[in-house]
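Chain by chain, the residues:
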Amino acid sequence: MRRALTIVVAAATAAVVLAPPGLARTGPKWGECPADVAKPGLRCGTIDVPLDHRNPDGEQIQLAISRLASKNPDKRRGVLLTNPGGPGGSGLDFPGGLVDLKLPQSVLDSYDVIGFDPRGVGRSAPVTCDLTTEQQYRGNIPPFARDASDVVTHARNSKTVAEQCAKSKTANMLPYVSTAATARDMDRIREALHEDKLSFLGYSYGTHLGAVYTTLFPDRSDRIVLDSNLVPGGLDRTGSRLFGPGLEKRFPDFAEFAAARPEYGLGTTPEAVTAKYFDLAGRLDKTPVQGYDGNLFRLATFGSLYRDSRMPELAAIWHALDTNQPPPTSAASDAPQSLENKVASHLYAICNDSRWPRSVSSYLHDVSVDRKRFPMFGAAGANIRPCAFWRSEPAERPVRVGDKGPANVLLAQNTRDPATPLAGAEQMRRALGDRARMVTADQGGHGVYLIGANKCANDTVTAFLTTGERPADDRVCVAEPA
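Residues numbered from 1 in each chain as written. Predicted model: local features only at pLDDT ≥ 70, side-chain atom pairs only at ≥ 80, totals over all residues. Heavy atoms only, no water.

## Topic: the overall build of the chain
Part 1: A tally of helices and strands in the chain yields 16 helices and nine strands.
Part 2: Relative to the compact-globule value of 23 Å for 482 residues, the chain shows a C-alpha radius of gyration of 22 Å, a close match.
Part 3: In terms of overall dimensions, the chain has C-alpha extents of about 65 × 50 × 45 Å along its principal axes.
Part 4: When the 482 residues of the chain are sorted by exposure, 58% land in the buried category.
Part 5: Total accessible area computed for the chain in this model is approximately 19,300 Å², and 51% of it derives from carbon and sulfur atoms.
Part 6: Averaging the locations of the 57 positively and 54 negatively charged side chains of the chain gives two centres separated by 3 Å. (Helix = DSSP H or I, 4+ residues; strand = E, 2+ residues; numbered from the N terminus. Rg over C-alpha atoms; globule rule 2.2 N^0.38 Å. Buried < 20%, exposed > 50% of the residue type's maximum accessible area, 1.4 Å probe, protein only. Areas by Shrake-Rupley, 256 points an atom, 1.4 Å probe, with all protein chains shown as cover. Lys, Arg positive; Asp, Glu negative; His and termini not counted. Charge placed at Lys NZ, Arg CZ, Asp CG, Glu CD.)

## Quick word on the sheet that holds strand S3 (residues 78-83)
Part 1: In spatial order, the strands read S1-S2-S4-S3-S5-S6-S7-S8-S9; together these nine strands make up an open sheet with mixed pairing. Because the sheet does not close on itself, it has two edges, and the strands there are strand S1 (42-50) and strand S9 (475-477). Sheet twist, expressed as the mean angle between neighbouring strand axes with direction ignored, is 20°.
Part 2: Strands in contact with helix H8 (residues 243-259) are strand S7 (409-416) and strand S8 (436-444); relative to S7, the strand with the most contacts, it is inclined by about 60°.
Part 3: Here helix H16 (residues 455-467) sits on the sheet and contacts S3, strand S4 (111-116), strand S6 (221-227), S7, S8 and S9; the angle it forms with S6, its principal contact strand, is near 165°. (Pairing = 2+ DSSP bridges. Axes fitted to C-alpha atoms, helices over the stretch in contact; angles between N-to-C directions. Contact = heavy atoms within 4.5 Å.)

## Some thoughts on the pairing of S6
Part 1: Among the seven residues that make up S6, seven are buried, leaving the element largely enclosed by the rest of the structure.
Part 2: Relative to S6, strand S5 (residues 198-203) runs parallel, the two being bridged by five bridges. Counted as the bridge partner of Phe200 is Ile224 from S6.
Part 3: Crossover S5 to S6 through helix H6 (residues 205-216) is right-handed. (Right-handed = clockwise from strand over helix to strand, strands pointing away.)

## Quick notes on helix H13 (residues 360-373)
Part 1: Along its 14 residues, H13 runs 20 Å from first to last C-alpha, staying within 8% of the 20 Å computed at 1.5 Å per residue.
Part 2: Within the span of H13, buried status applies to Tyr363, Asp366, Val367 and Asp370. Projection of H13 onto a plane perpendicular to its axis shows the buried side chains occupying an angular sector of 105°, all on one side. Exposed and oriented more than 90 degrees from the buried face of H13 are His365 and Lys372.
Part 3: Packed against the buried residues of H13 are helix H4 (148-167), helix H7 (237-241) and helix H14 (378-381). (Expected span 1.5 Å × (residues − 1). Arc of directions from axis to C-beta.)

## As for the state of the cysteines
Part 1: Inspection of every chain in the model, using the stated rule, returns four disulfides.
Part 2: Here Cys33 connects covalently by a disulfide to Cys44, the sulfurs 2.1 Å from one another. Disulfide Cys33 to Cys44: torsion about the S-S bond roughly 95°, handedness right-handed. With a gap of 11 residues between them, Cys33 in the segment before S1 and Cys44 in strand S1 connect regions that are remote in the sequence.
Part 3: Each sulfur of the disulfide joining Cys129 and Cys165 lies 2.0 Å from the other. The disulfide joining Cys129 to Cys165 has a torsion of about 100° about its S-S bond and is therefore right-handed. Of this pair, Cys129 sits in the loop between S4 and helix H3 (133-138) while Cys165 sits in helix H4, and the two are 36 residues apart along the sequence.
Part 4: Classification of Cys129 by relative accessible area gives buried; the value is 0%.
Part 5: The class for Cys165 is buried, based on a relative accessible area of 0%. (Disulfide = S-S within 2.5 Å.)

Have a look at this one:
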């Protein structure tokens, strides 16, 4: 059985002259949300934004937005715009998701919590690359390259995908789906909601989006929280190659978990569990089991370690593959078109957000280096992407995240994040300079605020959002008992 595993986790900026948006246009007309988004209290609407922000009165596209309104006008501060990550991730239902994660009542009182599908995603002018089912199942992370031949094969596949994107029915949007354009859309959302400023809570790719927004619009930024941080360039070549060291740093948590549970039969010591990883990967490279080859096994391990709660299922998958039994299947699944749009919109954004090397030989070199340095997953993060063959240029050059503006940014970061490691967050912290402080939680997984269990880190973010209180210096929160 085939499994779709899409893991959604971005040069100096030229002087771009953009016309001011002018007076606020009519705000969204709020109504019922689509059935697959509906949550108690959540209302949905749309606003129009320019396809090309350099031509504000030209062709318009429609953005889908949502609002979970504060019910306490005496405590309401403004709006908290949110993004769950990606790029390519829908955020229309994210306010409801935050409630499910126990967003504190003090935050719900302080803000109207706003969600939206970024341009190109979901219900906001969705883009396509006309991906086949097979291309969709390859997902948005390159496959693990066992040797040079694998890199060359994936280069051919990547070139085909890039050509399909350039010929698709939404190819006219290729230059206009980028983090810079989405950040300008965010300011149009602020304007449509008749707010002088907006606060922001963004996870993973959302950290790049929030950092770009507050770089472009420092005076319109209120309280900015960036959780699980990419490097300042977003999901660029540097950010992608951090997947290798990220998994190496995170994997010992799983090795300890599995070693303490002999019922899985994966080894009684962390060292034995680690050896089992390489043993299974090598065996599956040669002979797939139950639809899993070595690449899917490695990718499933990487994605499952985003959350501690997924470790039991991951251990069960390993046990099934080790004994040639059907592995357990997750209840979550993506409709084919939803998956196609996730992968396509992901590519539109990351290929516009940075310059990717064009030479296949550079990827051959990097894969060889990272396979040796980070043998668990380095040869995936360093592998080639369709961006190497991208045919269009972005309408606006990528924005260099900078330190000019008020001191109103708080970074939240786990020490052992497989997808956006601490090393990348430290680069983001340096780029933002004295505008930012960082709270680091000694725990594993992807996502700190509400997702991780560290009370010190959670309380630090809540205090910043509700009172503006921010640590005087960067804060390290020690590990807490489970």
